[in-house]
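# Coordinate inspection notes
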Amino acid sequence: QVQLVESGGGLVQPGGSLRLSCVAAGRIFSSNTMAWYRQAPGKQRELVASISSGGSTNYADSVKGRFTISGDNVVNTVHLQMNSLKPEDTAVYYCYLARSSIPPYTYWGQGTQVTVSS
């Protein structure tokens, strides 16, 4: 079994910064993709940013230039540095771990609340 433990959420004023972290523990193989998704009330879950085992990154248009994803394959951690936060960034943020090679798997964290409000 694999567990993803997130930390770093909270309440921040518009224009502020937060750093989310996620640690994956358990039976994890190499060549994983890790990512952050978010879900706001009444909306579908959406991809925020992803990073492959090779270090390639991908961002949603809405966060480009403001958010930075980074990871460490050795200890299976991923971070999301969020700067210039906006009220529309308010959501529950979920850590995601997936592997497409055999054996394939997908795991989700429990979610951490990020609230941007004055």
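Rules used throughout
- Residues numbered from 1 in each chain as written.
- Predicted model: local features only at pLDDT ≥ 70, side-chain atom pairs only at ≥ 80, totals over all residues.
- Heavy atoms only, no water.
- Buried < 20%, exposed > 50% of the residue type's maximum accessible area, 1.4 Å probe, protein only.
- Helix = DSSP H or I, 4+ residues; strand = E, 2+ residues; numbered from the N terminus.
- Pairing = 2+ DSSP bridges.
- Axes fitted to C-alpha atoms, helices over the stretch in contact; angles between N-to-C directions.
- Salt bridge = Lys/Arg side-chain N within 4 Å of Asp/Glu carboxyl O.
- Phe/Tyr/Trp six-rings, centres within 6.5 Å; stacked < 30°, edge-to-face > 60°.

## What about the pairing of strand β11 (residues 112-116)?
Judged by which residues are buried, β11 turns out to be one-sided: T112, V114 and V116 face inward and are buried, whereas Q113 and T115, on the alternate face, are not. Note: strand β2 (residues 10-12) against β11, three bridges, orientation parallel. Directly across from G10, in β11, lies its bridge partner V114. Sheet topology note: the strand β9 (residues 91-99)/β11 ladder contains three bridges and is antiparallel. Along β11, the bridge assignment pairs Y93 with T112.

## Focus: the environment of K43
With respect to the element layout, K43 can be found in the loop between β4 (33-39) and β5 (46-51). Here K43 falls in the exposed class, since its relative accessible area comes to 59%. Taking C-alpha positions, K43 is 19 Å from S117, a pair spaced 74 residues apart along the chain.

## Points about the sheet that holds strand β3 (residues 18-26)
With antiparallel pairing, four strands are arranged side by side in an open sheet as β1-β3-β8-β7. Edge strands, defined here as strands with exactly one partner in the open sheet, are β1 (2-7) and β7 (67-72). Averaged over all pairs of adjacent strands, the angle between strand axes in this sheet comes to 15°, irrespective of strand direction. Looking at chain direction, β1 and β3 are connected through six bridges and run antiparallel. Within β3, the position partnered with L4 by the bridge is A24.

## Things to note about the pattern of salt bridges
Evaluated as defined, the whole model comprises four salt bridges. When the shortest N-O distance is used, the salt bridge between R38 and E46 registers 2.7 Å. Among the residues examined, E46 registers a relative accessible area of 34% and is labelled partly exposed. Among the salt bridges present, the one from D89 reaches R66, with a minimum N-O distance of 2.8 Å. With D89 in the loop between β8 (77-82) and β9 and R66 in the loop between β6 (57-59) and β7, this residue pair connects regions lying 23 residues apart in the sequence. On the accessibility criterion, D89 (1% relative accessible area) is buried.

## Some details on the packing of aromatic side chains
Scanning all chains against the criterion turns up five aromatic pairs. Ring geometry for F29 versus Y105: centroids 6.4 Å apart, planes at 35°, classification tilted. Taken as a pair, F29 in the loop between β3 and β4 and Y105 in strand β10 (residues 105-108) lie far apart in primary sequence, 76 residues in all. Judged by its relative accessible area of 31%, F29 is partly exposed. Aromatic side chains Y37 and W108 sit 4.9 Å apart centroid to centroid with 65° between the ring planes, which places their arrangement in the edge-to-face category. One end of the pair, Y37, is in strand β4; the other, W108, is in strand β10, with 71 residues separating them in the sequence.

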